[in-house]
Amino acid sequence: MANLMCVPRFCDRCNKHQKFLPIHFAAAVTGCNRCSVYRWMKHGWLHCIELPSGRRLICAQSLMDVHEIDLSLLTNLAEASRVRRHARWHQD
C-alpha cells in the first residue's frame with residue numbers, strides 16, 4: 001500500500017501545488033469526525049482530488065482555511081503512523 005501521509009499534488013482550485021492528505025488525517029488534525037470532513041467536501045469547502053483507486057485526498061490549504069489547524073500535527077501523525085506500520089511489519 002502506498003504511503004499517503006501528505007503528498008504534493010496540483011490543486012485546481014488553489015491553482016498551485018499543495019500538500020494533500022487522507023481524510024482520516026484531516027479528521028484527526030481538526031479533532032472532528034470523518035462525517036464532518038465529508039460534509040465539508042460535499043459543500044465544496046474543502047478541495048479534494050480522487051486517485052485512480054477511488055481514494056480521495058484533501059488539500060491541506062483548504063483544510064486550514066476551513067478549520068484552523070497546526071500543520072505540525074501532521075508531522076506527529078505521520079510519524080506515529082509510520083511507527084505503527086513498522087511495528088506491525090516486524091511482528092510477522
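That block above? That's the structure.
These numbers come from a predicted model, not from an experiment.

Conventions and cut-offs
- Here the residue numbering is sequential within each chain, running from 1 through the sequence in written order.
- Whole-chain, interface and lining totals are the exception, using all residues; otherwise, since this is a predicted model, local features are given only for residues with pLDDT of at least 70 and side-chain atom pairs are given and counted only at 80 or more.
- The side-chain quantities take in all heavy atoms of the structure and omit both hydrogens and water.
- In this description, the term disulfide denotes a pair of cysteine sulfurs within 2.5 Å.
- Only strands that DSSP links by at least two bridges are regarded as paired with each other.
- Counting from the N terminus, the helices are DSSP H or I runs at least four residues long and the strands are E runs at least two residues long.
- Buried Ala, Val, Leu, Ile, Met, Phe, Trp, Tyr and Cys residues form a nonpolar core when they are joined through side-chain atoms within 4.5 Å.
- Note on exposure labels: buried denotes an accessible area under 20% of the residue type's maximum, exposed denotes more than 50%, and partly exposed covers the range between, all computed with a 1.4 Å probe on protein chains only.

Asker: What is the right way to read the state of the cysteines from this model?
Answerer: Among covalent bonds in proteins, the disulfide is the one between the sulfur atoms of two cysteines. Per the stated rule, a full pass over the model turns up zero disulfides. The thiol sulfur of Cys11 is not disulfide-bonded, and the nearest other cysteine sulfur, from Cys14, lies at 3.6 Å.

Asker: Help me out: how do you make sense of the pairing of strand E4 (residues 56-59) in this one?
Answerer: Each regular strand displays side chains that alternate between the two surfaces of the sheet. Alignment of strand E2 (residues 16-22) against E4, held across three bridges, turns out to be antiparallel. Each residue of the ladder has a partner; that of Leu21, found in E4, is Ile58. Bridging between strand E3 (residues 48-50) and E4 involves three bridges; their strand directions are antiparallel. Bridge assignment links Glu50 to a residue of E4, and that residue is Arg56. With antiparallel pairing between neighbouring strands as the criterion, E3 and E4 make up a hairpin whose turn holds five residues, including Gly54 at a positive phi of roughly 95 degrees.

Asker: Can you walk me through the nonpolar core in this structure?
Answerer: Note on soluble globular proteins: their nonpolar side chains tend to be buried together. Counting 13 residues, the largest nonpolar core has Leu21, Ala26, Val37, Met41, Leu46, Ile58 and Leu63 as the members making the most contacts within it. If you list the elements that add at least two residues to this core, you get helix H1 (23-30), helix H2 (34-42) and helix H3 (60-66). If you tally residues by element for this core, the top one is H1, at five residues. With six residues, the next largest nonpolar core counts Val7, Cys11, Phe20 and Leu57 among its residues.

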